[in-house]
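Architecture at a glance
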Amino acid sequence: MKKLLIFALFLLSLCVYYIPANAEKQHKHDSKRMEQAIDHLILDQFTDELNQAVANYYKKDTIKIQYNWWNKNYDVVELDQSEKENQLGHPYVIKFTVQTYDGNKKEQLGTDTVTFGLSPVQFNKEFDQKDLAAVKVELLDYTHVEPSN
């Protein structure tokens, strides 16, 4: 439930961040640091779902994931709003790109992209009334790419 609350607060902060305000002096934001902080926040919230998806794909609990923040070919975290409302059944789609390793070995198994559909719950009747916001999460796609040697 805490994950859902924090994720909703994250979405709200994105909305507030992108609303222009009139002021005499414009405040400069460090958007790169803000993006990194938001990516880390999202990863913290989806760690369980991500680890479960990886374990289900490989059919092993010993698989470890690692994030390659320096690879220019992909983003570790990508959050998109569906252009066609509820395309794929969800208004938001989030993708995580991770490198996978067998916990018992040091060799990389591949680069995997895990895609989830997110649907905010407007009326929080399914969850504890103390939660201010909630989101339903559904695994939409799992793509595995062999490592290039």
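See the structure above.
Residues numbered from 1 in each chain as written. Predicted model: local features only at pLDDT ≥ 70, side-chain atom pairs only at ≥ 80, totals over all residues. Heavy atoms only, no water.

1. Considerations on the overall build of the chain
Note the cut-off: Each helix is a run of DSSP H or I of at least 4 residues and each strand a run of E of at least 2, with the numbering of both proceeding from the N terminus. Burial classes: relative accessible area under 20% of the type maximum marks a residue as buried, over 50% as exposed, and values in between as partly exposed (1.4 Å probe, protein chains only). Two residues form a contact once any of their heavy atoms are found within 4.5 Å. Where accessible areas are quoted, they stem from the Shrake-Rupley method and a 1.4 Å probe; at the residue level, only the protein chains shown are allowed to cover.
Helix and strand content of the chain: 2 helices and 5 strands. When the helices and strands of the chain are placed in sequence order, the string is α-α-β-β-β-β-β. Relative to its 149 residues, the chain shows a buried fraction of 32%. Taking as baseline every contact in the chain between residues at least 6 positions apart, the subset at least 24 positions apart corresponds to 59%. About 10800 Å² of surface is accessible on the chain, with carbon and sulfur atoms providing 50% of the total.

2. Some words on the pattern of salt bridges
Applied cut-off: One speaks of a salt bridge when a side-chain nitrogen belonging to Lys or Arg is within 4 Å of a carboxyl oxygen belonging to Asp or Glu.
Evaluated as defined, the whole model comprises 1 salt bridge. The partner of Asp102 in a salt bridge is Lys60, and the shortest N-O contact between them spans 2.7 Å. One end of the pair, Asp102, is in strand E3 (residues 92–102); the other, Lys60, is in the loop between helix H2 (31–58) and strand E1 (63–66), with 42 residues separating them in the sequence. You can call Asp102 buried: its relative accessible area is 6%. By relative accessible area, which is 36% here, Lys60 ends up partly exposed.

3. Considerations on unusual backbone geometry
Phi angles above zero are rare outside glycine, and Lys59 is one such case at about 60 degrees. Looking at where Lys59 falls in the secondary structure, it is placed in the loop between H2 and E1. Taking the relative accessible area as the measure of exposure, Lys59 reaches 71% and is therefore exposed.

4. As for the packing of aromatic side chains
Within a pair of aromatic rings, the relevant descriptors are the distance that separates the centres and the angle that separates the planes. Which entries qualify depends on this criterion: Put simply, two rings from Phe, Tyr or Trp (the six-membered ring, in Trp's case) pair if the centres are within 6.5 Å, and we call them stacked under 30 degrees between planes, edge-to-face over 60, tilted for the rest.
In this structure the tally under the stated criterion is 6 aromatic pairs. Here the aromatic rings of Tyr57 and Tyr58 are separated by 4.9 Å at their centres, their planes lie at 80 degrees, and the arrangement is edge-to-face. When its relative accessible area of 37% is taken as the criterion, Tyr57 is described as partly exposed. Residue class for Tyr58 comes out buried when judged on its relative accessible area of 16%. For the ring pair Phe96 and Phe116, a centre distance of 6.0 Å and an interplane angle of 70 degrees mean the geometry is edge-to-face. One end of the pair, Phe96, is in strand E3; the other, Phe116, is in strand E4 (residues 108–121), and 20 residues separate them in sequence. Judged by relative accessible area, Phe116 falls into the buried class, the value being 3%.

5. Points about the environment of Ala134
Following the sequence through the fold, Ala134 ends up in strand E5 (residues 134–145). Spatially, the C-alpha atoms of Ala134 and Val121 are 5.3 Å apart, while their sequence positions differ by 13 residues.

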